[in-house]
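So you can see what is in the structure, the chains are spelled out below.
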Amino acid sequence: MALKTIDALQLAGKRVFIRVDFNVPLDEQGKVTDDARIRAALPTITYAIAQKAKVILASHLGRPKGKSDDKARFTLEPAAVRLSELLGQDVILADDCAGDGVVKLARELREGQVLLLENLRFHPEEEANDEGFAKELAALCDVWVNDAFGTAHRAHASTAGMARFVKEKAAGFLVKKEVEYLGKALGNPARPFVALVGGAKVSDKIKVLENLLARADTVCIGGAMAYTFLAAQEVPVGKSLVEKDKLELARQIMDKARARKVDLLLPVDHVCGDAPKETARRVVVADRAIPADLMGLDIGPRTLDAYRQRILSAGTVFWNGPMGLFEQKPWAEGTSGVARAMAQAKGVTVVGGGDSAAAVEQAGLVDQMTHVSTGGGASLEFIEGRELPGVKACED
Ligand code: AMP
């Protein structure tokens with residue numbers, strides 16, 4: 001179904017509540033250290049301003065336990081400051097997201113003005129999707145717009161609950177873009193469709209793998225989960241991380257790949273260490289088998305080369321999950337190598353959020369990808385084929 005977006009609505013003079021994802025990282029002084037999420041919401045916000053809407057923005061930030069104690073640490077004030085700089089206009093920051101004071105601020109808003117509500121999670125009713133709280137938020141506005149893809153997999157009061165109590169609703173441009181690119185990659189990919197899946201555990205990625213096996217031509221496995229697959233084939237993996245209770249599951253996935261004629265590629269060489277530490281001895285093992293005293297911490301150079309060839313000749317590439325313990329320099333080459341190969345690829349390149357998006361950002365390659373998802377959990381659930389409550393709520 002085509003998603004209704006904000007540009008399908010008349011906004012002039014209306015109070016437009018936009019759920020954004022301003023869950024940004026802050027430094028010790030409370031300054032925004034990465035404003036990517038704020039910038040990602042700008043197209044929707046500036047559109048609403050240009051349409052003469054009275055703009056009400058709401059977001060969560062971090063995981064505050066209670067309102068008053070955590071106020072200094074979890075206030076959205078730094079986001080308000082940054083947003084104001086980016087917009088070149090004042091942003092009014094409310095000291096709460098509900099209550100009489102907020103109702104008054106919302107009522108007094110003029111066309112083109114922007115009000116940012118304080119952290120939604122100062123109220124436990126937000127995550128509990130409390131009906132009374134959802135109604136209170138809905139009463140602030142005429143139109144509800146969800147542009148927070150990062151929380152679209154959560155049915156909270158502001159991301160889903162309040163949609164039932166507003167007259168008009170739509171998705172913002174960011175949610176539309178995410179759903180379009182992730183949806184196209186899965187639903188109608190230019191072929192060959194190559195998927196790279198990494199990360200620590202097979203168990204976290206089972207549904208992702210199953211859904212990809214039904215759609216992809218090639219699936220390249222990296223990260224610690226590769227050792228569970230190798231162990232399932234009785235390849236020695238030394239001290240590598242293995243989910244011993246998932247060996248049978250790994251075999252079933254490999255059987256499914258064979259039955260569906262999907263190429264399931266596993267590492268043929270490894271970068272190993274004697275411990276998962278930055279200072280550990282780095283050993284390139286030029287074989288599938290890993291010596292007993294070592295653990296696999298990254299894919300090896302021949303594996304990277306094989307994955308790179310697939311990426312370069314793909315019509316569509318989708319990547320989720322690091323190829324190794326990429327947070328530590330000795331084991332980061334596989335992950336950054338995949339990012340570089342995707343940047344060079346001619347096909348459509350889509351990066352799922354979380355660690356892989358962080359790696360692409362670290363390498364300064366975001367602009368060279370077709371799409372880098374802003375939502376870790378949300379993009380995974382989308383790729384699993386699940387309906388996202390925050391997207392569903394935008395539909396009539
Ligand atoms: P996930 O959240 O499942 O995507 O896993 C990501 C985490 O797995 C990252 O912190 C990686 O550093 C870690 N990881 C990936 N490969 C390995 C490996 N071979 N050994 C240990 N940790 C790894």
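Here the structure is a predicted model, which means the values were calculated and not measured.

### Focus on the overall build of the chain
Across its full length, the chain holds 15 helices and 15 strands. In terms of overall dimensions, the chain is globule-like: its C-alpha atoms have a radius of gyration of 23 Å, near the 21 Å expected for 396 residues. Structurally, the chain occupies a C-alpha span of about 70 × 45 × 35 Å along its principal axes. Going through the 396 residues of the chain one by one, you find that 56% of them count as buried. Nonlocal contacts in the chain, meaning residues at least 24 apart in sequence, comprise 72% of its contacts between residues at least 6 apart. For the chain, the exposed surface amounts to about 17000 Å²; the carbon and sulfur share of it is 48%.

### So, helix 7 (residues 173-187)
Here helix 7 spans 20 Å end to end across 15 residues, near enough to the 21 Å set by a 1.5 Å rise per residue. Those residues of helix 7 lying buried are Leu174, Val175, Glu178, Val179, Leu182, Ala185 and Leu186. Buried positions in helix 7, seen along its axis, are confined to an arc of 140 degrees and lie on one side of it.

### Points about the site of the ligand
Inspection of the region around the ligand gives 17 residues, with Ala200, Ala224, Gly296, Glu327 and Asp355 positioned closest. One of the backbone N or O atoms of Ala224 is found 3.1 Å from a nitrogen atom in the ligand. With respect to the ligand, the side chain of Glu327 contributes an N or O atom lying 2.5 Å from an oxygen atom. A total of 500 Å² of accessible area belongs to the ligand in isolation, and the protein chains cover 80% of it. Residue assignment for the shell around the ligand shows that the elements contributing at least two residues are helix 8 (202-213) and strand 12 (295-299). Residue composition of the shell around the ligand, by class: eight nonpolar, four polar and five charged.

### A short note on the environment of Glu126
By the element assignment, Glu126 lies in helix 5 (residues 124-127). On the basis of relative accessibility, which here comes to 0%, the residue Glu126 falls in the buried class. The sequence separation of Glu126 and Gly161 amounts to 35 residues, and the corresponding C-alpha distance is 9.1 Å.

### As for the domain arrangement of the chain
Looking at the chain, the domain boundaries give domain 1 (6-175) and domain 2 (189-384). Counting residues at the interface gives nine residues for domain 1, matched by eight residues for domain 2. A combined buried area of about 640 Å² lies between domain 1 and domain 2, and 60% of that area is made up of carbon and sulfur atoms. Viewed at the interface, domain 2 and domain 1 are joined by zero salt bridges. Counting across the domain 1 and domain 2 interface gives zero residue pairs in polar contact (both at pLDDT 80 or more). Residue composition of the side of domain 1 that touches domain 2, grouped by class: four nonpolar, two polar and three charged.

### Remarks on the packing of aromatic side chains
Taken as a whole, this structure holds one aromatic pair when the rule is applied. Taking 5.4 Å as the distance between ring centres and 85 degrees as the angle between the ring planes, the aromatic pair formed by Tyr47 and Phe173 counts as edge-to-face. One end of the pair, Tyr47, is in helix 1 (residues 36-50); the other, Phe173, is in helix 7, and 126 residues separate them in sequence. A relative accessible area of 21% places Tyr47 in the partly exposed class. For Phe173, a relative accessible area of 22% gives the class partly exposed.

### Re the packing of helix 9 (residues 225-232) against helix 10 (residues 247-259)
The interhelical angle for the contact between helix 9 and helix 10, taken along N-to-C directions, is 85 degrees, at an axis separation of 8 Å. It follows from the interaxial angle that helix 9 and helix 10 lie roughly perpendicular. Judged by residue contacts, Thr228, Phe229, Ala231 and Ala232 of helix 9 engage Leu247, Ala250, Arg251, Ile253 and Met254 from helix 10.

### Brief notes about the pattern of salt bridges
The full count for this structure, using the stated rule, is 22 salt bridges. Among the ionic pairs, Lys104 bridges to Glu108, the shortest N-O distance being 3.0 Å. Pair noted here: Lys104 and Glu108 are both in helix 4 (residues 100-108), with a separation of four residues, about one helical turn. Given the relative accessible area of 47%, Glu108 is considered partly exposed. Salt-bridge contacts for Arg308 lead to Asp305; the nearest nitrogen and oxygen are separated by 2.9 Å. With a gap of three residues between them, Arg308 and Asp305 both fall in helix 11 (residues 301-312), about one helical turn apart. Given the relative accessible area of 25%, Arg308 is considered partly exposed. For Asp305, a relative accessible area of 35% corresponds to the partly exposed category. A cluster of three or more residues bridged by salt bridges with shared partners is formed by Asp35, Arg39, Arg82 and Glu85.

### Overview of the pairing of strand 5 (residues 143-146)
The side-chain alternation of strand 5 yields two buried faces, one formed by Val143 and Val145 and the other by Trp144 and Asn146. Sheet topology places strand 1 (residues 15-19) next to strand 5; four bridges connect them, and they run parallel. Pairing of Val16 across the sheet is with Val143, part of strand 5. When strand 5 meets strand 6 (residues 168-171), the two strands line up parallel, connected through four bridges.

Parameters at a glance
- Residues numbered from 1 in each chain as written.
- Predicted model: local features only at pLDDT ≥ 70, side-chain atom pairs only at ≥ 80, totals over all residues.
- Heavy atoms only, no water.
- Helix = DSSP H or I, 4+ residues; strand = E, 2+ residues; numbered from the N terminus.
- Rg over C-alpha atoms; globule rule 2.2 N^0.38 Å.
- Buried < 20%, exposed > 50% of the residue type's maximum accessible area, 1.4 Å probe, protein only.
- Contact = heavy atoms within 4.5 Å.
- Areas by Shrake-Rupley, 256 points an atom, 1.4 Å probe, with all protein chains shown as cover.
- Expected span 1.5 Å × (residues − 1).
- Arc of directions from axis to C-beta.
- Near = heavy atom within 4 Å.
- Polar contact = N/O pair within 3.5 Å; in protein donor to acceptor, adjacent residues only side chain to side chain.
- Nonpolar A, V, L, I, M, F, W, Y, C, P; charged D, E, K, R; others polar.
- Domains from an automatic or database assignment.
- Buried area = accessible area lost by both parts, 1.4 Å probe.
- Salt bridge = Lys/Arg side-chain N within 4 Å of Asp/Glu carboxyl O.
- Phe/Tyr/Trp six-rings, centres within 6.5 Å; stacked < 30°, edge-to-face > 60°.
- Axes fitted to C-alpha atoms, helices over the stretch in contact; angles between N-to-C directions.
- Parallel < 35°, antiparallel > 145°, perpendicular 65-115°, else oblique.
- Pairing = 2+ DSSP bridges.

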